[in-house]
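# What the coordinates show
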Amino acid sequence: MSAEVEEASPEYVPITVEFSGGLEMLFSNERKLSLSIPRRDKDGQKANVAFLIDYLCQDCLKDPRKDLFVLDGSVRPGILVLINDADWELEGEEKYELQDNDNILFVSTLHGG
Amino acid sequence: MPPSPCHHCKTQSAKIRRPKDGSKLCVSCFTTAFETEIHHTITASSLFQRGERIAIGASGGKDSTVLASVLKTLNERHDYGLDLVLLSIDEGIRGYRDDSLETVKRNAVQYGMPLTILGYDELYGWTMDQVVEQVGKKGNCTYCGVFRRQALDRGAARLGVRHVVTGHNADDIAETVLMNLLRGDLPRLARTTSIVTSTPSAVASTDPNSRPHIKRSKPLKYAYEKEIVLYAHHKKLDYFSTECIYSPEAFRGTARSLIKSLERTRPSAILDIVRSGEDMAKLVPGNEEGCGGVCQGSVAVAEEEEGGCGSSKPGATGGYMEKMEEQLTLDREAVEKELEVEITSSSCASPGMNGAVPLPKSDKKTNNNTNNNHKKASKGQLLPSRRTGKQVVGFCKRPGCGAMTSQEICQACQLVEQLNKNRPKHAVEVVYEGEEKRDDGMLLHVTNGIAKSVLVD
Ligand SMILES: [Zn+2]
Ligand SMILES: [Zn+2]
């Protein structure tokens, strides 16, 4: 799946990250980001969702209320994560290793209407 | 990880892991299961009657949008014969409702339901912005909550609709159960777990000031917030999310965080708390949960607590509104003590159930509020206490209100009167900008309505 879209960079995984359910408000009202994430973290491990969350916190989350996105080192309970439209609980949660052209959606259930 | 197949159809790949039982379903099996369960909730509690006109309390948010969508689907699929309409309340917070009301207007078109939008100014003579101008900028949702609680009833009465459904979900109920448990407020806990609350009353007709009483129900009571959001996502429903700019009660925010953390480690916890709440309700004397809350005498007073503004963020509070909230809490605590004593001394209370307060009324040291708190609670305090076991549910004496209340005057009317007393500070303004009457009978009251484009896909 990854090979045919574009010859992927050896160093970066191209992925799409989306925010909805009010979470976009924390990310400068961006609902969709196209990102290139380093394939491996500094320990040489393959980039997984935990790594992505860290990356988002450092590079994309400008809002000072970071605890509305992460809490105790994980995605705040009440935020759903969908990996290619599937519940991340079916995909190994934070241990899921990012693949080229993955779509990772973060949806808040915490915001009201 | 290879995609796991749907537990139900065994062909499609699973996309959803259901919190209540851990089953893995594909999108279409999930959607069907979700709808079927709501259908069962509706039929098991005989929520609707054929030909009934139902107002859906619509905010444009996920819960009410999913509720409208599912009710439309089920009404057609199972031929309920319901006449569904949308009713929205505009608190009159500049900029806050613009986008959500635009969403509701689109929903009205998408679902082919007539929509009425009523502003706090029309219902109470005050917009929330004016309230805040009057009582202080920083604050919480005390007014908003008290007004909102009654707003749907008042709105429904205007529409001649006698049944309002709201989008309260299992997480909301669990949150409220937990809050009332932590406060030791079993009577309130009992009322809020009921799927039907305010009920029609025969007493209404004897009081010339009273409105017809409005039945309230919560068809999504057993639906997880997670599944509501996933349903909306997979069905690509058009909903809007926001944070109330006036922050919610901090305690509710804490309870909500706790619920969500519990869900992470034990997903079934939310429904377990709802069920526990129902079981505890059965133990509360005077609570006739058995009749579904419909029989005379079990009328749940329209002062019950429901969700705040939906934001999880405990924000800054201060000034007048914070004092108001403190007052409300003190008042509630005073009445709580009285209630506990009543429960304890009641013959049907088992000792184990309420072991915390098995004290005689004369024990002044530990129970010094008991004997005079009723007087205290009604003696010129800003907010009246809620009903105690001994009080009789009556109707608000203010002309045109007639809300169910244990007091002479309901909370909302008291707040309005308090505000009006200080009105000189505040010039009377023209509050709503327009009123659109459309050919299809849709009546749009646009309060402070600045049309803006909406972000939702
Ligand atoms: Zn299936
Ligand atoms: Zn009243």
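Looking up chain B in an unreviewed UniProt entry gives the name Cytoplasmic tRNA 2-thiolation protein 1, with the organism given as Westerdykella ornata. Word for word, the UniProt comment on chain B under Sequence similarities (unreviewed entry) is "Belongs to the TtcA family. CTU1/NCS6/ATPBD3 subfamily." Taken verbatim from the UniProt record of chain B, the Pathway (unreviewed entry) comment is "tRNA modification; 5-methoxycarbonylmethyl-2-thiouridine-tRNA biosynthesis."

Per an unreviewed UniProt entry, chain A goes by the name Ubiquitin-related modifier 1 and belongs to Westerdykella ornata. In the Subcellular location (unreviewed entry) part of its UniProt record, chain A is described as follows: "Cytoplasm". Chain A has a UniProt comment under Sequence similarities (unreviewed entry) that states "Belongs to the URM1 family."

On to helix α7 (residues 170–183) of chain B, then. Residues and elements named next belong to chain B. The end-to-end C-alpha distance of α7 is 20 Å, a good match for the 20 Å that 14 residues give at a rise of 1.5 Å each. Buried residues dominate α7, accounting for 12 of its 14 residues. The set of residues buried in α7 consists of A170, D171, D172, I173, A174, E175, T176, V177, L178, M179, N180 and R183. Its side-chain oxygen 3.0 Å from the backbone nitrogen of D171, N169 forms the N-cap of α7.

Attention shifts here to the pattern of salt bridges. Residues and elements named next belong to chain B. Per the counting criterion, the structure on display carries 29 salt bridges over all chains. A salt bridge links D63 to K62; the nearest nitrogen and oxygen atoms lie 3.4 Å apart. Residue classification places D63 among the buried residues on the basis of a relative accessible area of 15%. When salt bridges that share partners are traced, they join K62, D63, D171, E225 and K260 into one network.

Okay, the coordination of the zinc ion (ligand 1) next. Residues and elements named next belong to chain B. Protein coordination of the zinc ion (ligand 1) is provided by C6 (SG), C9 (SG), C26 (SG) and C29 (SG), with donor distances spanning 2.3 to 2.4 Å. One way to put it: the four donor atoms around the zinc ion (ligand 1) meet at angles of 102 to 116°, and that makes the site tetrahedral. C9 gets classed as partly exposed once you look at its relative accessible area, which sits at 26%.

A separate point is the interface of chain B and chain A. Each side of the interface is counted separately: chain B has 34 residues, and chain A has 31 residues. Each partner contributes to the roughly 2,700 Å² buried at the junction of chain B and chain A, and carbon and sulfur atoms together form 53% of this total. Across the contact surface, chain B and chain A share three salt bridges. Among the ionic pairs, R17 of chain B bridges to E89 of chain A, the shortest N-O distance being 3.0 Å. Inspection of the chain B/chain A interface yields 11 residue pairs in polar contact (both at pLDDT 80 or more). For the side of chain B that touches chain A, the leading source of residues is helix α9 (residues 225–234) of chain B, giving six residues.

What counts and what doesn't
The numbers attached to residues start from 1 for each chain and follow its sequence in the written order. Chain letters and ligand numbers both follow the written order, the letters beginning at A and the numbers at 1. For this predicted model, a pLDDT threshold of at least 70 governs which residues receive local features, and a threshold of 80 or more governs which side-chain atom pairs are given and counted, while totals over whole chains, interfaces and linings are taken from all residues. For the side-chain quantities, the full set of heavy atoms in the structure was used; hydrogens and water were omitted. UniProt positions are given in the numbering used here, feature names are shortened, and annotations may be inferred rather than shown by experiment. Secondary structure elements follow DSSP: runs of H or I of four or more residues count as helices, runs of E of two or more count as strands, with numbering from the N terminus. Multiplying 1.5 Å by the residue count of a helix minus one yields the expected span of that helix. Summary of the burial criterion: residues with accessible area below 20% of their type's maximum are buried, those above 50% are exposed, and those between are partly exposed, where the area comes from a 1.4 Å probe applied to protein chains only. N or O atoms within 3.5 Å of each other form a polar contact, as long as, within protein, one can give a hydrogen and the other can take it, and as long as residues adjacent in sequence are counted only when both atoms are side-chain atoms. Whenever a carboxyl oxygen of Asp or Glu lies within 4 Å of a side-chain nitrogen of Lys or Arg, that contact is scored as a salt bridge. Sites may look incomplete because water is not among the atoms; the donors themselves are N, O and S atoms within 2.8 Å of the metal, or within 3.2 Å for Na, K and Ca. Working rule for geometry: tetrahedral if four donors all subtend angles between 85 and 135 degrees; square planar for four, octahedral for six, if opposite donors exceed 155 degrees and the others stay between 65 and 115; irregular in every other situation. Contacts between residues were defined by any pair of non-hydrogen atoms, one from each residue, lying within 4.5 Å. The buried area of a pairing is the accessible area, by a 1.4 Å probe, that goes missing from both parts when the two are put together, added over both.

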